[in-house]
Amino acid sequence: MRDALILGIDGGGSKVLVTLADKRGRILRRSRGHGVNPMDNPNWLHELEQHLLPFRDEGNLAAVAAALPAYGEVERLSALQRDAIERLFPNVHRRVLNDVDAAHLGAFAGDPGILILSGTGSMAWARNSKGQSARTGGWGDLIGDEGSSHWIGQRALSLVSQSLDGRAPATALAKALFDHLGVDPSNPMNGLGDWASSLANERADIAAISTLVDQIALGGDKGAVGLIEQAADELAKHHEAIAGHCDPDADWTYAGGTFSSRLLLEALERRIGRPAALPKLPPIGGALLAAAQLLDWPLDDGWFGQIVATAKGGDCASPVN
C-alpha cells in the first residue's frame, strides 16, 4: 500500500485538528475547527463533520484514527462518536480512541510511561511495560479537571472578585483581566457579570484566562503565582495517584495547552522530583500513529521526524486542549 494515506483526528474541548499524511510521514492536508467535546458542546457532531467531509472522498485513504474527548467515558456518547466515524468512512480501517490515549501514544511512540495532560481539562494516562493502560482524572469541570486551564481561569475570576471586595490582597490580575475583556473597571460587577452571562463557549472562554494568569505570574504577582503553584499541586496528585501502575523509574511527560506555561511545567517538575521527558510526537501525531498501526506500516525514525517537521509547519503543532 505504497500510495496509501492515513487520516488523523485530534479532538478536544477547544479545537479539532484533522490531518492527512502519507507513508513517509508527510502531512499533506490539514483542517482546524472548534471544540468537539460532546460533554459540553451540543454542536460537536456538526463541527466534527464539517472538518471531516472534505477528506471522505480521498481516493487513497486507507485508515482513519479518531482521537476524541470523552470517548470510553460515557457509553452513550462513545457510541455516537463511533457511529459518526463509521458513517463518514465506511470503507477504510478505523479506530476511535480517547484523545488522551492518543496523546500518550504519540508522546511515548507506543512505549510505557506517564502522561500528564492539562488543557481545557486535566487527566493522567499511564501505560506499563505490559501494554496495560490506566487513567486518573478527566471528570469534567463540574466534578474535577483540577489543574486545567479552565480550573485556573475559574479561580482567577474568583481571586479578582475577592481582591476587589477586599477579601484577598490586591492583584495585578484585576487590571489585566479588565483590559483583556474590555471591562470598565469603574463598574466591575456590571462588566464581569455581563461578560460571564454572554459567553458563547463558556468552558473555552474561561480556560483562555489561564494564559493571562501565566503572563501576570511571570511578572511576579503573588496571586497569579499562587494559582500556578496550586495547579501544579493538583497535577502532581494525578502523577502520584497513577505512578504505581508503571515501573518506579518510568518516564513522565506532558501534553495540553496549559503547559505553554514554563512556570507550571517547572513547578510540576519540582513536585515530581525529576524533569519531564520531551514528547516524541505532538498529540495529532499520536492519532496518525494509531492510523499507521492499523496498516502495519514499518515506522522508523524518519517517519517520526517527518511527522514532527510537517506538523510544525502549521496548526498541527498546537497542543491538546
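Residues numbered from 1 in each chain as written. Predicted model: local features only at pLDDT ≥ 70, side-chain atom pairs only at ≥ 80, totals over all residues. Heavy atoms only, no water.

(A) A look at the overall build of the protein. Across its full length, the protein carries 12 helices and 9 strands. On C-alpha atoms alone, the protein measures out to a radius of gyration of 20 Å, which is about the 20 Å that the 2.2 N^0.38 rule sets for 321 residues. With respect to the principal axes defined by its C-alpha atoms, the protein has extents near 65 × 45 × 35 Å. Buried residues in the protein amount to 53% of all 321 residues. Nonlocal contacts in the protein, meaning residues at least 24 apart in sequence, comprise 67% of its contacts between residues at least 6 apart. Carbon and sulfur atoms form 49% of the exposed surface of the protein, whose accessible area is close to 14400 Å². Across the protein, the mean location of the 29 positive side-chain charges is 4 Å away from that of the 39 negative side-chain charges. (Helix = DSSP H or I, 4+ residues; strand = E, 2+ residues; numbered from the N terminus. Rg over C-alpha atoms; globule rule 2.2 N^0.38 Å. Buried < 20%, exposed > 50% of the residue type's maximum accessible area, 1.4 Å probe, protein only. Contact = heavy atoms within 4.5 Å. Areas by Shrake-Rupley, 256 points an atom, 1.4 Å probe, with all protein chains shown as cover. Lys, Arg positive; Asp, Glu negative; His and termini not counted. Charge placed at Lys NZ, Arg CZ, Asp CG, Glu CD.)

(B) Quick look at the packing of aromatic side chains. Under the counting rule described, the total for this entry stands at 2 aromatic pairs. Taking 5.3 Å as the distance between ring centres and 50 degrees as the angle between the ring planes, the aromatic pair formed by Y254 and F259 counts as tilted. Seen in terms of ring centroids, W303 and F304 are 5.4 Å apart; in terms of plane orientation they differ by 85 degrees. Their pairing is edge-to-face. Of the residues examined, W303 reaches a relative accessible area of 2% and is grouped as buried. (Phe/Tyr/Trp six-rings, centres within 6.5 Å; stacked < 30°, edge-to-face > 60°.)

(C) Highlighting the sheet that holds strand 3 (residues 27-34). A sheet is described by the order of its strands in space; here 5 strands give the open sequence 3-2-1-4-5, paired in mixed fashion. The open sheet terminates on both sides in strands that have one partner only, identified here as strand 3 and strand 5 (93-98). Mean inter-strand twist for the sheet, computed between neighbouring axes without regard to direction, equals 10 degrees. Relative to strand 3, strand 2 (residues 15-22) is paired through 7 bridges, and the arrangement is antiparallel. Pairing of L17 across the sheet is with R32, part of strand 3. Strand contacts of helix 1 (residues 44-52): strand 1 (5-11), strand 2, strand 3 and strand 4 (61-68), with the helix running at about 155 degrees to strand 3, the strand carrying the most contacts. Strands strand 1, strand 2, strand 3, strand 4 and strand 5 of the sheet are contacted by helix 11 (residues 283-294), whose axis makes an angle of about 140 degrees with strand 1. (Pairing = 2+ DSSP bridges. Axes fitted to C-alpha atoms, helices over the stretch in contact; angles between N-to-C directions.)

(D) How the structure looks around helix 5 (residues 173-181). Within helix 5, the full set of buried residues consists of L173, A174, A176, L177 and F178. Buried positions along helix 5 lie against helix 4 (149-165), helix 6 (188-196), helix 8 (209-218) and helix 9 (222-242).

(E) Broad picture of the sheet that holds strand 6 (residues 113-118). With mixed pairing, the 4 strands of this open sheet are ordered in space as 8-7-6-9. A strand with exactly one partner marks an edge of an open sheet, and here the two such strands are strand 8 (133-137) and strand 9 (252-255). The mean angle between the axes of side-by-side strands here comes to 20 degrees, regardless of whether they run parallel or antiparallel. Sheet topology places strand 7 (residues 122-127) next to strand 8; 5 bridges connect them, and they run antiparallel. Counterpart to A126 in the pairing with strand 8 is A134. Relative to the sheet, helix 3 (residues 99-107) contacts strand 6, strand 7 and strand 9, its axis offset from that of strand 7 by approximately 50 degrees.

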